[in-house]
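# Structure assessment
Residue strings, one per chain:
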Amino acid sequence: MSDLAAIFEATARDAGDRTALIAPEGQISFADLNTRATGLTERLAAKGITKGDRVLVATPVGIALYATLAALWRLGAVAVFPEPAMGLKGLLHAIRSARPRAFIAAGPYRLLTLLPQLWRIPMICPRADDHGTSARIPLSPGDPALISFTSGSTGLPKAIQRSHAFLLAQNDAVLPLLGTDPAPRDLVAFPVFALINLAVGRTSILPNWRQNRQAEVTGKALFDWIDQTRATRLLLPPALCETLGGGGAPAAITDIFTGGGPVFPDVIDRLQQGRPDLRITCVYGSTEAEPIAHLHAADISQADREAMQNGQGLLAGQPVDQVRLRIVDDEIQVAGDHVNKGYLDPARDAGTKVADGGIIWHRTGDAGRLDEKGRLWLLGRTTAVARRGGQTIYPFTIETAARFWPGLRRAALAQVGDDLVLAVEGDTAHLADWRASADALGIYDVKALPALPLDRRHRSKIDYPALAKMLGVKG
């Protein structure tokens, strides 16, 4: 099939009354979700929305979101998603970049109609009683499906347009990791993975927390939602795995898939505390290329752990079969059908896209290396390297090693003038031991902070520019 709308429709016929989505507002079957999407399709068409039109989507992660996507794709319209971590600033940037013809809003986002920037375009609100029978229009693989944005952690967010062919290629790259078995019940913190579950007829449990408020989720709240929804697998960013890991994974959970940030060995160890049978898969990727590599925790050998403890970086595992990967000047570059080849504004391609022999390579901005087994090791952001005495020191060579130290929760390498500083977060009763261990790694200054700054999207990556400001480094 050439587009996701056709796949969703076929799955709805096959899965029927099986539960498609469980959300804080309730649950819905595959058949009812398709019916609801069809009804919204008819209301969108009545507003003049047609193939190729861009429609801003501002809804909580819930049933309305996926009904909206299915409805837009039935019409061949393009969903525009602002970067949620940026709040109003991200929304206004999305409006300027994509120039939508309409916007779909649910819940509190309906108040967006008060924004002057949205006065001149119609607002449509998904309804639980949407019901219709109209046929979807045929689409080609190259037709655009959605526009999303990079996180903006390295500057103004870049708009990425994905075609239906791109989403299907991404689906093919992720399926070997998640499988096609419809039996598991997945708690999914990554909206794109819920699309994959909808395509294979598997139940997705949606978060009962706001995507930009993950830091506020408590272990008890997470445990309660898992128990209430009878989840059997978890797809969570590392920050939520850390929240969960405080008490070990619930007995009903068989698998955890985690990504969206580096997954350090201590996080895996806490998750498996008392649960050696728990299967953990770490997925490495980026907004422009997801997934790139994956690692099963069971495949981490003692020699691998010793290598990470001794400054060799962070093991990310085998590149997925669907990606081409190369290392150029220590930077990871990738290409493939599910790798973004250019931004909506071609002027933003400079510096991140490399054309070579008919192949467009995406520069990830991550430093890495391949070992003798063809596995990828991450060395950290290329913009976060430190230099001393003509030597380049990559952040993950130090930060990964530090995560093995007792009582330490997080570590981040920073350069302050000619000195290297290791900023740490954890139980400061161990500060003297940390300083001794840092001295052995050639780091002479350890600064304990109440909390290290993290990225806005998944709260799982160090925000190095913010850290530099905290340490008094002038830009």
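This text follows the structure it describes.
A brief look at the structure comes next. Within every chain, residues take consecutive numbers counted from 1 along the sequence as written. Reporting in this predicted model follows two pLDDT cut-offs: at least 70 for local features of residues, and 80 or more for side-chain atom pairs to be given and counted; totals over whole chains, interfaces and linings ignore these cut-offs and use all residues. Heavy atoms from the whole structure form the basis of all side-chain values; hydrogens and water molecules are not counted.

## A few points about the overall build of the protein chain
Rules: The helix and strand labels rest on DSSP assignments: H or I over at least four residues marks a helix, E over at least two residues marks a strand, and numbering proceeds from the N terminus. Radius of gyration here uses only the C-alpha atoms, and the compact-globule reference equals 2.2 Å multiplied by the residue count raised to the power 0.38. Each residue is assigned to one of three classes by its accessible area relative to the maximum for its type, calculated with a 1.4 Å probe on protein chains only: buried under 20%, partly exposed between the two thresholds, exposed over 50%. In what follows, a contact means two residues having at least one pair of non-hydrogen atoms within 4.5 Å. To be clear on the numbers: accessible area is Shrake-Rupley with a 1.4 Å probe, and residue cover counts the displayed protein chains and nothing else. For this count, His and the chain ends are skipped, Lys and Arg are scored as positive, and Asp and Glu as negative. For the purpose of locating charges, the reference atoms are NZ of Lys, CZ of Arg, CG of Asp and CD of Glu.
A tally of regular secondary structure across the protein chain gives 13 helices and 25 strands. Relative to the compact-globule value of 23 Å for 475 residues, the protein chain shows a C-alpha radius of gyration of 23 Å, a close match. When burial is assessed residue by residue, the protein chain has 57% of its 475 residues classed as buried. A sequence separation of at least 24 residues applies to 61% of the contacts in the protein chain between residues at least 6 apart. Accessible area for the protein chain stands at about 20,100 Å²; split by element, carbon and sulfur atoms hold 51% of it. Each charge class in the protein chain can be summarised by its mean position, and for the 52 positive and 49 negative side chains these summaries are 7 Å apart.

## Overview of the packing of aromatic side chains
Just so we agree on the cut-off: Ring geometry is summarised as follows: Phe, Tyr and Trp rings, the Trp one being its six-membered ring, pair when their centres sit within 6.5 Å, and such pairs are stacked at plane angles under 30 degrees, edge-to-face over 60 and tilted between the two.
A full pass over the atoms with the stated rule returns three aromatic pairs. Plain terms: the ring middles of Phe190 and Phe193 are 5.7 Å apart, the flat faces sit at 65° to each other, and that makes the pair edge-to-face. Judged on exposure class, the residue Phe190 and its partner Phe193 are both buried. Here the aromatic rings of Phe264 and Phe396 are separated by 5.8 Å at their centres, their planes lie at 65°, and the arrangement is edge-to-face. Residue Phe264 is located in the loop between β12 (255-259) and α9 (265-271), and its partner Phe396 is located in helix α11 (residues 395-402); the two are separated by 132 residues in the primary sequence. Of the two residues, Phe264 and Phe396, both sit in the buried class.

## Observations regarding the side chain of Thr397
The line we're drawing: Polar contact criterion, stated in full: a pair of N or O atoms within 3.5 Å, where within protein one must be able to donate a hydrogen and the other to accept it, and residues adjacent in sequence count only if both atoms are side-chain atoms.
Along the chain, the position of Thr397 falls in helix α11. For Thr397, the side chain forms a polar contact with the main-chain oxygen of Tyr394, separated by 2.5 Å. Here Thr397 is in contact with Gly311, Gly313 and Leu379, once residues within four sequence places are set aside.

## Observations concerning the pattern of salt bridges
Under the convention used in this document: Just to be clear on terms, a salt bridge is a Lys or Arg side-chain nitrogen sitting within 4 Å of an Asp or Glu carboxyl oxygen.
By the definition in use, this model includes 27 salt bridges. A salt bridge links Arg202 to Asp186; its shortest N-O distance comes to 3.3 Å. In this pair, Arg202 is assigned in the loop between α6 (191-200) and β10 (203-205) and Asp186 in strand β9 (residues 185-188), connecting sequence segments 16 residues apart. A relative accessible area of 0% means that Asp186 is categorised as buried. Here Asp186 makes a salt bridge to Arg233, at a shortest N to O gap of 2.8 Å.

## Brief notes about the side chain of Asp304
The residue Asp304 is located in helix α10 (residues 302-309) in this model. Within the structure, the side chain of Asp304 is placed 3.0 Å from the backbone nitrogen of Ser301, a separation counted as a polar contact. Excluding anything up to four places from it in sequence, Asp304 contacts Asp299, Leu315, Arg375 and Trp377.

## Observations concerning unusual backbone geometry
With an omega dihedral of 5°, the bond running from Glu290 to Pro291 counts as a cis peptide bond. One non-glycine residue with positive phi stands out, namely Arg99, at about 50°. Within the secondary structure, Arg99 is located in the loop between α4 (87-98) and β5 (102-105). Unlike most non-glycine residues, Arg230 shows phi in positive territory, near 60°.

## Side note on helix α7 (residues 219-229)
The cut-off we apply is this: Think of the arc as the fan of directions from the helix axis to the C-beta atoms.
Turning to α7, its buried residues are Leu222, Trp225, Ile226 and Thr229. Looking straight down α7, one finds that the buried residues subtend no more than 100° of arc, so they occupy a single side. In α7, the exposed positions angled more than 90 degrees off the buried face are occupied by Lys220, Asp227 and Gln228. Within two residues after α7, Arg230 carries a phi angle of roughly 60°, on the positive side.

## Considerations on the nonpolar core
Nonpolar side chains tend to gather and get buried jointly when the protein is soluble and globular. Note the threshold: What is meant by a nonpolar core is a set of buried Ala, Val, Leu, Ile, Met, Phe, Trp, Tyr and Cys residues, joined one to another through side-chain atoms within 4.5 Å.
If you look at the biggest cluster of nonpolar residues, it comprises 60 residues, and the most contacted ones within it are Leu187, Trp209, Leu234, Leu236, Ile256 and Leu467. Here the element with the most residues in this core is strand β14 (residues 289-296); it accounts for four residues. Once residues lying within four places of it in the same chain are set aside, the contact partners of Leu467 are Ala412, Ala414, Ala423, Leu449, Leu452, Pro453 and Ile462. Core analysis: the next-biggest nonpolar cluster, separate from the first, contains 52 residues, Leu21, Leu44, Ala194 and Leu206 among them.

## Looking at the packing of helix α1 (residues 4-15) against helix α3 (residues 63-75)
Applicable threshold: Axis definition: a line fit to C-alpha positions, over the contact stretch in the case of helices; interaxial angles, taken between N-to-C directions, run 0 to 180 degrees. For classification, angles of less than 35 degrees are called roughly parallel, those exceeding 145 degrees roughly antiparallel, those between 65 and 115 degrees roughly perpendicular, and all remaining angles oblique. Note on convention: the crossing is left-handed when the near helix lies turned anticlockwise from the far helix by less than a right angle, right-handed when the turn is clockwise.
Orientation of α1 relative to α3, taken along the N-to-C sense of each, is 120°, at an axis distance of 8 Å. Between α1 and α3, the angle falls in the class oblique. Seen along the crossing, α1 lies across α3 with a hand that is left-handed. Contacts from Leu4, Ala5, Phe8 and Glu9 of α1 reach α3 at Ala70, Trp73 and Arg74.

## Thoughts on α1
To be explicit about the condition: What a helix should span is 1.5 Å times the count of its residues minus one.
In this model α1 runs 16 Å from its N-terminal to its C-terminal C-alpha over twelve residues, within 8% of the 16 Å that 1.5 Å per residue would give. Burial analysis of α1 places ten of its twelve residues in the buried class, the great majority of the element. The inward-facing, buried residues of α1 contact α2 (30-46), α3, α5 (164-178) and α6. A side-chain oxygen of the first residue of α1 lies 3.0 Å from the backbone nitrogen of Ala5; this N-cap is Asp3. The positive-phi residue at the C-terminal boundary of α1 is Gly16, with phi of around 55°.

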